[in-house]
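# Structural overview
So the chains spell out like this:
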Amino acid sequence: MYKKERPFSAFSKMSFFWVGFWFFILTACQSDTEKIPDVSNIPVEVRIERADLALMKDKSEAEILAYLQANPDLTEKGLHLYEMEDVKALHLLAQSPFIDTMMQNVERVYQPDTIQKIENDLKFFFQLVKYYYPEFHVPKIYGMVSGYGTDLVMTDSLVVVGLEFFLGDRQAYYRPPVEKIPNYIWRRYDIHYIPVHLAREVSRLFNALDKGDDNTLMSQMIWAGKAHYFMEKVLPKMSEAQVIGYTEQELATCYENLPSIWGFFVEKNLFFEKQQLLKRKFVDEAPFIAEMGQQVPGRVGQWLGWQIVRAYMKNHPEVSLQDLMKEQDYAKIFNDSKFKPQNR
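Residues numbered from 1 in each chain as written. Predicted model: local features only at pLDDT ≥ 70, side-chain atom pairs only at ≥ 80, totals over all residues. Heavy atoms only, no water.

Turning our attention to the pairing of strand β2 (residues 140-144). Among the five residues in β2, four count as buried, and that is most of the element. Across five bridges, β2 lies against strand β4 (residues 158-162) in parallel orientation. Bridge pairing links Tyr142 to Val160 in β4. (Buried < 20%, exposed > 50% of the residue type's maximum accessible area, 1.4 Å probe, protein only. Helix = DSSP H or I, 4+ residues; strand = E, 2+ residues; numbered from the N terminus. Pairing = 2+ DSSP bridges.)

As a further point, take the layout of surface pockets. Estimates place the volume of the second largest pocket at around 500 Å³. Around the second largest pocket, the lining comprises 23 residues; the ones closest to its centre are Arg200, Arg204, Glu285, Arg299 and Gln302. Ranked by the residues each element gives to the lining of the second largest pocket, the list is headed by helix α10 (residues 217-234), at six residues. Residue composition of the lining of the second largest pocket, grouped by class: eight nonpolar, six polar and nine charged. (1 Å grid on protein atoms, 1.4 Å probe; cavity = no way out; pocket = protein on both sides within 12 Å on 5 of 7 lines; lining within 4 Å. Points joined across faces, edges and corners; volume = space filled by probe spheres on them. Nonpolar A, V, L, I, M, F, W, Y, C, P; charged D, E, K, R; others polar.)

Here we come to empty space enclosed by the protein. Scanning all chains against the criterion turns up three cavities of 30 Å³ or more. Here the largest cavity is characterised by a volume of approximately 60 Å³. Lining of the largest cavity is provided by Tyr184, Arg187, Arg188, Gly245, Tyr246, Glu250, Glu285, Ala286, Pro287, Pro297, Gly298 and Arg299.

Moving on, we come to the pairing of β4. Judged by how many residues are buried, β4 sits mostly within the fold: five of five residues are covered. Side chains Leu158, Val160 and Gly162 project from β4 onto one buried face, and the interleaved Val159 and Val161 project onto a second face that is buried too. In this structure, strand β3 (residues 152-154) lies alongside β4, joined through three bridges in antiparallel fashion. Pairing of Met154 across the sheet is with Val159, part of β4. Turn length for the β3-β4 hairpin, with the two strands adjacent in sequence and antiparallel, is three residues.

Take helix α5 (residues 84-94) next. Within α5 the residues assigned to the buried category are Val87, Leu90, His91 and Ala94. For α5, the angular spread of the buried residues around the axis is 100°, confining them to a single face. Away from the buried face of α5 by more than 90 degrees, exposed residues Glu85 and Leu92 are located. Residues of α5 that are buried in the fold lie against α2 (51-56), α3 (61-70), α6 (97-109) and β2. (Arc of directions from axis to C-beta. Contact = heavy atoms within 4.5 Å.)

Moving on, we get to the pattern of salt bridges. Evaluated as defined, the whole model comprises 17 salt bridges. Residue Lys117 is joined to Asp121 by a salt bridge in which the shortest nitrogen-to-oxygen separation is 2.6 Å. Of this pair, Lys117 and Asp121 both sit in helix α7 (residues 112-132), separated by four residues, roughly a single helical turn. Given a relative accessible area of 45%, Lys117 falls into the partly exposed group. Judged by relative accessible area, which is 32%, Asp121 ranks as partly exposed. One salt-bridge network, in which partners are shared between bridges, spans Arg47, Glu49 and Lys140. (Salt bridge = Lys/Arg side-chain N within 4 Å of Asp/Glu carboxyl O.)

Evaluation of the coordinates by the stated rule reveals 24 aromatic pairs. An angle of 75° between the planes, with centres 6.4 Å apart, marks the rings of Phe264 and Phe265 as edge-to-face. The same class applies to Phe264 as to Phe265, namely buried. Taken together, the aromatic side chains of Phe98, Tyr148, Phe165, Phe166, Tyr174, Trp186 and Tyr189 make up a single cluster linked through ring pairs. The side chain of Lys237 reaches across the aromatic face of Phe124, ending 4.7 Å from its centre. (Phe/Tyr/Trp six-rings, centres within 6.5 Å; stacked < 30°, edge-to-face > 60°. Lys NZ or Arg CZ within 6 Å of the ring centre and 35° of its normal.)

Purely geometric stuff here, so don't read any function into it on its own.
This is the structure:
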């Protein structure tokens, strides 16, 4: 049971070893039993169109306008440009030394082989989405540079990726101010994380909201758990830590303290909490959960919801991913999961 005076003590070297050992065994067993679907015959075409080169690199206002007119979806849904004044502002932005430096950094990273690798990863991701949802329409993907204005935007027909957010080496390039994007969030902006960010957006297309009006913390946890369960199915080559956006050590901390985390939620009656500020403490971005100690990472409510959804799906093999995502009775998922980690 959770003890307030010693909320979540640091691992000893031995306990950390055993957590890592059993986590490795569990992951290996899952990889053996849960085979990745064969999607090689599902036709999908993915090409990242470099809108940044067409709009930001030595282009006149007339050239910018012509490109925007030829790509109305990008203009209206992606960039939200509607007037000639917007074109002038975009042309002025392109002349900025700040943007010029950023463009040079992006071009240095996004060489043809790198773009091809990302396109291949996204193709596999979209093939898996279409495996589960054949009616899914693969959006057109644009790469853009906006001076850290937009990281990733998805609509019904397009995706705009802010390439300057996803450059890889954290030390080599300028980054947004820490007060805008703290370090614990910024580490998830990596070139290899583009599919993760995109999968989170795609999950929203299928993730039905709770049909009730109670808006409890439990419902928010289950909704997030469904999203992450969807993500792990369409990103089978990503680790659990990558899907949730934790470090491996943060994930190990969650597993090591799972009985105590669960006990804390039960003891404080948090599952049925409706107070907005209190709910946000456990599901919103944060470097750690203050009430549990600095070792327990933020969004632990989302991670716990993911484990509950996993338990529900394990107990109900007849339920498909599509059934799960459209299920609106979150209390049913919570109760039927029979999830209750035991104290050690």
